[in-house]
Amino acid sequence: MLKGKTALVTGSTSGIGLGLAKALAAQGANIVLNGFGDVEGPKAEVAALGVKVAYHGADMSKPAEIEDMLKFAAAQFGRVDILVNNAGIQHVARVENFSVERWDAIIAINLSSAFHATRLALPAMQKANWGRIINVASVHGLVASAEKSAYVTAKHGVVGLTKVTALENATTGVTCNAICPGWVLTPLVQKQVDAKAAAGGISNAEAIKHLLSEKEPSLQFTTPEELGALAVFFCSPAGNNVRGVAWNMDGGWAAQ
Ligand code: NAD
């Protein structure tokens, strides 16, 4: 379905981003990966799906590096047809104790990076009259949790940016939508599980049980594969007139 299209997925060396990249690759899209850590493993996983894969190591907190990555993607594959703004980090502390440096980093990586990549990707999508911008927000783009001020602020901002981008392009073939996962067991969440296990002197399995039962009525993690299927839907012809939604896949979290 996406043969001949190119998807740039930020923060795709791990977790949800890698899952989304693989779901789009399975539909035939060529992929530009981005993110830190091991690069060769994720590249091989995507290439195994029979598509072309490139990598750019832009630090998503740096607008000039984001600009360089968009130029690189266009040089590699001609154009970015699908932009997935996924890179994100977490930090947990009460507002009065929240590190100013962590606040600035989360706003830059989880929110401003989506603005920069979007503004740079849009002109080519508008010219082609086809494009998909998928913002990985969070259930924390819809509701809040204590001790996550920067994250919740950034994710609510991402949902707002999604709506404005969708509206500004509503008469075109360019759509913008957000995905709002509940808990997904990635390295980002494993750190929170580890902190819970250490604080309570409990096992990993018990910490996971506590984490899920606090917020997620299904008591199940959402998987990167499930999120990937939603991203594929947004890219399908059935998604042509789906504009500005913030679709939660959260086991009922936001329904409470
Ligand atoms: P993860 O830690 O597994 O992956 C994060 C990715 O972002 C990695 O590839 C990392 O290298 C990259 N990254 C981090 N800082 C970067 C930077 N400055 N520049 C470029 N890349 C950078 O985390 P994840 O859980 O897969 O999270 C992906 C997205 O999903 C995030 O936006 C996160 O907020 C969101 N999300 C996660 C969950 C969850 O439960 N895991 C729930 C809702 C939303």
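Since the structure is predicted, the reported quantities are computational estimates derived from the model, not experimental observations.

Caption draft 1: Spotlight on the sheet that holds strand 5 (residues 131-136). On the basis of which strands lie adjacent, the open sheet formed by 7 strands has the order 3-2-1-4-5-6-7 and parallel pairing. Either end of the sheet is taken by a strand with one partner, and the two such strands are strand 3 (53-56) and strand 7 (246-249). For this sheet the average axis-to-axis angle between neighbouring strands, irrespective of direction, equals 20°. Note: strand 4 (residues 82-85) against strand 5, 4 bridges, orientation parallel. When the bridges of strand 5 are listed, Leu-83 appears paired with Ile-133. The strands that helix 3 (residues 63-77) touches are strand 1 (6-9), strand 2 (30-34) and strand 3; relative to strand 3, the one it contacts most, it runs at about 160°.

Caption draft 2: Quick peek at the nonpolar core. One finds Leu-24, Ile-31, Val-46, Ile-82 and Val-84 to be the most contacted residues of the largest nonpolar core, which totals 29 residues. Every element with two or more residues in this core is listed here: strand 1, helix 1 (15-26), strand 2, strand 4, strand 5 and helix 8 (224-235). Sorting elements by how many residues they give to this core places helix 1 first, with 7 residues. Beyond its immediate stretch of four places on either side in the chain, Val-46 contacts Leu-18, Ala-21, Lys-22, Ala-25, Ile-31, Leu-33, Val-51 and Val-53. Ranked by size, the runner-up nonpolar core spans 22 residues in total, among them Ala-54, Ile-109, Ala-121 and Cys-176.

Caption draft 3: Structural view of helix 6 (residues 187-200). The terminal C-alpha atoms of helix 6 lie 20 Å apart, and with 14 residues this matches the ideal 20 Å at 1.5 Å per residue to within 8%. Looking at the buried positions of helix 6, the neighbouring elements they touch are helix 7 (204-215). Note on helix 6: the residue one or two positions beyond its end, Gly-201, has a positive phi of about 60°.

Caption draft 4: Spotlight on the site of the ligand. Neighbouring the ligand are 30 residues, the closest being Ser-14, Asn-86, Tyr-151, Val-184 and Thr-186. Taking Gly-11, its main chain carries an N or O atom lying 3.3 Å from an oxygen atom of the ligand. Between the ligand and the protein, one listed contact pairs an oxygen atom with a backbone N or O atom of Val-184 at 2.7 Å. Alone, the ligand offers 830 Å² of accessible surface; in the complex the protein occludes 93% of this. Secondary structure elements with two or more residues in the shell around the ligand: helix 1, helix 5 (149-168) and helix 6. The element best represented in the shell around the ligand is helix 6, accounting for 3 residues. Residue composition of the shell around the ligand, by class: 16 nonpolar, 12 polar and 2 charged.

What counts, and where the lines are drawn
- Residues numbered from 1 in each chain as written.
- Predicted model: local features only at pLDDT ≥ 70, side-chain atom pairs only at ≥ 80, totals over all residues.
- Heavy atoms only, no water.
- Pairing = 2+ DSSP bridges.
- Helix = DSSP H or I, 4+ residues; strand = E, 2+ residues; numbered from the N terminus.
- Axes fitted to C-alpha atoms, helices over the stretch in contact; angles between N-to-C directions.
- Contact = heavy atoms within 4.5 Å.
- Core = buried A, V, L, I, M, F, W, Y, C linked by side-chain atoms within 4.5 Å.
- Buried < 20%, exposed > 50% of the residue type's maximum accessible area, 1.4 Å probe, protein only.
- Expected span 1.5 Å × (residues − 1).
- Near = heavy atom within 4 Å.
- Polar contact = N/O pair within 3.5 Å; in protein donor to acceptor, adjacent residues only side chain to side chain.
- Areas by Shrake-Rupley, 256 points an atom, 1.4 Å probe, with all protein chains shown as cover.
- Nonpolar A, V, L, I, M, F, W, Y, C, P; charged D, E, K, R; others polar.

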